Amino acid sequence: MKDTPELRSIAIYSREELCGGYFVLWIWDDELSKQCSPGQFFEIRAQASFHDAWDSQRIPKLFKPISVYDNSGGRIGFFIKNVGAGTSALARLKAGDMLELIGPLGNSFPVVSGKRVLLLSGGIGYPPLSYLQKEIINHNLIFWLHGGATQADVFPCDEVWTVDGSIGKQGMVTQGLEDVIINKKIEVLYSCGPLPMLKQASEIAFRHGVEHYTSMEAYMACGIGVCHGCAVPIGSHDDWDYLRVCKEGPVFNANDVLWSEL
Ligand SMILES: Cc1cc2nc3c(=O)[nH]c(=O)nc-3n(C[C@H](O)[C@H](O)[C@H](O)COP(=O)(O)OP(=O)(O)OC[C@H]3O[C@@H](n4cnc5c(N)ncnc54)[C@H](O)[C@@H]3O)c2cc1C
Ligand code: FES
């Protein structure tokens, strides 16, 4: 596609190991850094030479969509959970190894100013909201609600929910949403996480008249707008179309998503 960013190979500057299968890969690239906005993602994979070496272990060569987690002064971070073959190949990389990237891809979160903002993340929905928070923190009052399966899926925020109750409040993070919207007089909600969480958040925010922007984590094949495998129904019940999460998204106005069709 004509407007798809070119493929680049960039050496990993450093790697941070976190608990629970999470890790962060850092790269330096001034030009790419200037192009990124919160909500955007890259298609990334370990460089081919690494895959060749691993072919005997049947490591797949597909690119994986990963959000920009941090971006400042030329340094870009990817906060990743090792969940399968692709992310496990990325998890083996260390400083100095080469990463192949296409991006930044997709649209970005609309930036607001002078608002009472709620960030709502579930599991690996955390990274894009972390980048967003840093960009808007000086111009808004922000409260951050995060939920995960267990303690290892929890990162710095204002209120934590875990399914197993190992830390924070026990239950699904959406159980705390309505109270926070009311008590903090929330005007704008940004969300990213699993589909059931986004669906429920959308209902609650709509009921309270809260402006809501959501980043959808659809399954992606090409990641660059060609295959239409990531399409989601957007519009009203009378007039809607399938839009691609990788191209027109990943961020949508939650009121435009036809949640009942998903
Ligand atoms: C726009 C976008 C941004 C993303 N940003 C990040 C990020 O910053 N950090 C991060 O760790 N992950 C992120 N993801 C999810 C990440 O792309 C997947 O976890 C990864 O592709 C899994 O690949 P795999 O080969 O390791 O595992 P697979 O073998 O492909 O899958 C392993 C397990 O993860 C589930 N899974 C795979 N992809 C998704 C998905 N898109 N949504 C929900 N479940 C999925 C599968 O059902 C399976 O259970 C993002 C996804 C999208 C679409
Ligand atoms: S993943 Fe192919 S069009 Fe979006």
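A word on the site of ligand 1
At step 1: Taken together, 19 residues surround ligand 1, and among them Pro65, Phe79, Lys81, Gly86 and Thr87 come closest.
At step 2: Lys81 has a polar backbone atom sitting 2.8 Å from an oxygen atom of ligand 1.
At step 3: The separation between a nitrogen atom of ligand 1 and a polar main-chain atom of Glu217 is 3.1 Å.
At step 4: Starting from 890 Å² of accessible surface for ligand 1 in isolation, the protein chains cover 74%.

As for the side chain of Thr87
At step 1: The residue Thr87 is located in helix H3 (residues 85-91) in this model.
At step 2: Of the residues examined, Thr87 reaches a relative accessible area of 9% and is grouped as buried.
At step 3: Here the side chain of Thr87 touches Val83 through a polar contact of 2.9 Å, landing on its backbone nitrogen.
At step 4: Once residues lying within four places of it in the same chain are set aside, the contact partners of Thr87 are Phe23, Ile80, Lys81 and Asn82.

Re the domain arrangement of the chain
Note: interface size is frequently given as the accessible area lost on complex formation between the parts.
At step 1: Each domain of the chain was delimited in the assignment, giving domain 1 (7-105) and domain 2 (116-261).
At step 2: Computed from C-alpha atoms alone, the centre-to-centre distance between domain 1 and domain 2 is 23 Å.
At step 3: Domain 1 puts 21 residues into the contact, and the matching count from domain 2 is 19 residues.
At step 4: Both faces combined, the contact of domain 1 with domain 2 buries some 1,700 Å², and carbon together with sulfur accounts for 68% of it.
At step 5: Residue Lys134 pairs with Asp70 through a salt bridge whose shortest N-O separation is 2.7 Å.
At step 6: Where domain 1 packs against domain 2, one counts six residue pairs in polar contact (both at pLDDT 80 or more).

Rules behind the numbers
Residues numbered from 1 in each chain as written. Chains lettered and ligands numbered in written order. Predicted model: local features only at pLDDT ≥ 70, side-chain atom pairs only at ≥ 80, totals over all residues. Heavy atoms only, no water. Near = heavy atom within 4 Å. Polar contact = N/O pair within 3.5 Å; in protein donor to acceptor, adjacent residues only side chain to side chain. Areas by Shrake-Rupley, 256 points an atom, 1.4 Å probe, with all protein chains shown as cover. Helix = DSSP H or I, 4+ residues; strand = E, 2+ residues; numbered from the N terminus. Buried < 20%, exposed > 50% of the residue type's maximum accessible area, 1.4 Å probe, protein only. Contact = heavy atoms within 4.5 Å. Domains from an automatic or database assignment. Buried area = accessible area lost by both parts, 1.4 Å probe. Salt bridge = Lys/Arg side-chain N within 4 Å of Asp/Glu carboxyl O.

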